[in-house]
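# Geometric and topological summary
If you want the building blocks of each chain, they are given just below.
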Amino acid sequence: MSATDDVVSTREAFGKTLASLAKENARIVALDADLASSTRMSYFRDAVPERFIQVGIAEQNMVGIAAGLAHTGLIPFCGSFATFISRRACDQVALLVGHTRLNVKLVGAYGGLVSGNNGATHQAVEDIAIMRAIPNIVVLEPADDIEMGMAVEAAIEYEGPVYLRCTRDPWPRVSPPGYRFRIGKAACAAEGSDVTFVCSGMMVSQCIEAAERLSCEGVSAEVINCATIKPLDAEMILSSVRKTGAVVTAENASVIGGLGGAVAELLGSELPSPTVRVGLQDEYGECGDNVSLLHKYGMDVEHLVEAAGKAMRLRDQRSGAKHR
Amino acid sequence: MLDRTDAEAISRRVRRRILSTIHSAGAGHAGGSLSSVEILVALYFDVLRLDAANPKWPQRDRFILSKGHASSALYSVLVERGLMESDLLRSFGRIDSELQVHPDMHRLEWVEISTGSLGQGLSVGVGTALGARLTGSDFATYVLLGDGECQEGQVWEAAMAAAHYRLDSLVAIVDSNQAQLTGRTSDVMDICPLRDKWAAFGWDVVEADGNDVIAIRQALLVPRGSRGRPSVVIAHTTKGEGVSFMEAGGHTWHGRVPTAHELDLALAELADAGRSKGGEPRECN
């Protein structure tokens, strides 16, 4: 699978959008822990250097400084790799951002397994789970560059903590013309009636491709782009699952505590349904190209198709058992 | 400006409030609250620019209690300064209280930012000082740290950043009571020489007797704001200051709650005319 030429990565869209909005909004400041070229905050640095704050390789301090800046009425964006902003600065994020509810925006570039062949140390697989577990933080993972641009705008408009997860490489665009992103609202990327994919980030385009393959086999799959992982759009997910009765969650992260965890929690209490969670199965990643990584760790289109089959079999077994 | 007699009388009343509050709640941190009394009295009576009628006055100086466990001292000083009702102290640490054992900004408006996880306050202070510069405000930021707290790496990340950004509106105060929860600071993890460390990180360093209210006030009032360097006041204090058996107990009084008998003994000592500890500078060993 390859991206079309004009599509850029979500990190690129983040950097360009933030720089452009910062020119018109003097309250926006950017903090960097020596990764601006990778997070694409470099666009901000070049556009508004007077509001770009370099803190050096010190993520905990960066989050604390951001809390202080927000305290004076500014809107700080902290950029780092998703691994470091979530794990290295976890206590600072929890207490100085979550508990204080200060208007800090946390940006994790290089989300998940596909992180530029840097291996396990740079693959954020538990960042979504960490951010989700901290009260008061909105967790966003846009699927493509268009949606990311709108998510940056929405994060600025929203008064309070936001975690914005980016992907390093470009993936196919999924946002339809005229699409409007809103915090807390998922989007139906493909309609179907046999099985529901709930996914975020680059996995949305993978799920759309899986749905196309399934349709050749006569299976009608619905794809829900769940760009807001917290708060979850329970209404849209439940209404789809009432229709299909079988669910596959797909995320570029560990299946523990992230989107898959969130959906399983929702369904467990509201609408128990067979749910197959695609993502890292409680393990660390490694080096390798994106295609090989997604294949080895069970996150490619082939595995998504298999997962859909499994979810539907579980549903059918259960309904068969009920009727006996 | 308070004169010595009044300032020392206020400090004694603050100490009585601290111990009564901790005893009544069955929670709190006596030793490190008592050591910081004169620092807080000097700040709230004579140093901080504040509007008693408006805790959120935009031009107020920011004070961050990075050693959040000294909350009972902060609350007691707020009462003495007339910024908080004394009745509130009775709710300290109880369910639904404005007075959390570690201060919560959403519950009490005089709390600038919630603290309690050590090592984080100075970074926030760097942020408010940078924010003042970016928004064209001239308020100062004061951050009170414990000496044990200086074992946290984040303190030094923040110290580096403050000097790098030439934040001369930022003042750190180290309540150097030389004891922490499990022992003497020099035994647990020696942080000396503190003066040299801060100086090496690019800060102007002033040392003072932190339990002499006039001496610490003088140190806090050293003119700042044009030298392009942040400043730190190393306040030499005694853990449990003002109560003989708590001073002798050192670290054992970090988180211990006095019994009714101990409270009576302490209040009796604090009812005396008091002894002035001014004069002798206590050095970092």
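All values reported here derive from a predicted model rather than from experimental measurement.

## Regarding the sheet that holds strand β8 (residues 195-199) of chain A
All names here are of chain A. Read across the open sheet, the 5 strands follow the order β7-β9-β8-β11-β12; overall the sheet is mixed. The open sheet has two edge strands with one neighbour each: β7 (187-190) and β12 (275-280). Between one strand axis and the next, the sheet turns by 25 degrees as a mean value, whatever way the strands run. In this fold helix α11 (residues 259-270) packs onto β8, β11 (247-254) and β12, with an angle of close to 145 degrees to the strand it touches most, β11.

## Describing the domain arrangement of chain A
All names here are of chain A. Considered domain by domain, chain A is made up of domain 1 (10-165) and domain 2 (187-323). A separation of 27 Å is found between the C-alpha centroids of domain 1 and domain 2. Tallying the contact residues gives 26 residues for domain 1 and 33 residues for domain 2. Of the roughly 2200 Å² buried at the junction of domain 1 and domain 2 (both faces included), carbon and sulfur atoms supply 56%. Of all residues in domain 1, Leu113, Arg132 and Glu141 bury the most surface against domain 2, accounting for 32% of the area lost on that side. Residues glutamate 265 and arginine 132 are paired through a salt bridge, measuring 2.6 Å at the closest nitrogen-oxygen approach. Connecting domain 1 to domain 2 are 16 residue pairs in polar contact (both at pLDDT 80 or more). At the level of elements, α7 (127-133) and β5 (138-140) are the ones that each hand at least two residues to the side of domain 1 that touches domain 2.

## Points about the packing of aromatic side chains
All told, the structure shown has 9 aromatic pairs over all chains when counted by the stated rule. Look at Phe81(A) and Phe84(A): their rings are 5.8 Å apart centre to centre, the planes differ by 35 degrees, and that puts the pair in the tilted class. According to the relative accessible area criterion, Phe84(A) is partly exposed, its value standing at 23%. On the numbers, 4.9 Å between centres and 70 degrees between planes, the contact of Trp198(B) with Trp203(B) is edge-to-face. Residue Trp198(B) shares its accessibility class with Trp203(B), and that shared class is buried. Here a set of aromatic residues connected by ring pairs shows up, and it is made of Trp156(B), Trp198(B), Phe201(B) and Trp203(B). Its end group placed over the ring of Phe139(B), Arg62(B) keeps NZ or CZ at 3.8 Å from the ring centre. Positioned above the aromatic ring of Phe45(B) is the side chain of Arg81(B), whose terminal nitrogen or guanidinium carbon lies 5.9 Å from the ring centre.

What counts and how
- Residues numbered from 1 in each chain as written.
- Chains lettered and ligands numbered in written order.
- Predicted model: local features only at pLDDT ≥ 70, side-chain atom pairs only at ≥ 80, totals over all residues.
- Heavy atoms only, no water.
- Pairing = 2+ DSSP bridges.
- Helix = DSSP H or I, 4+ residues; strand = E, 2+ residues; numbered from the N terminus.
- Axes fitted to C-alpha atoms, helices over the stretch in contact; angles between N-to-C directions.
- Contact = heavy atoms within 4.5 Å.
- Domains from an automatic or database assignment.
- Buried area = accessible area lost by both parts, 1.4 Å probe.
- Salt bridge = Lys/Arg side-chain N within 4 Å of Asp/Glu carboxyl O.
- Polar contact = N/O pair within 3.5 Å; in protein donor to acceptor, adjacent residues only side chain to side chain.
- Phe/Tyr/Trp six-rings, centres within 6.5 Å; stacked < 30°, edge-to-face > 60°.
- Buried < 20%, exposed > 50% of the residue type's maximum accessible area, 1.4 Å probe, protein only.
- Lys NZ or Arg CZ within 6 Å of the ring centre and 35° of its normal.

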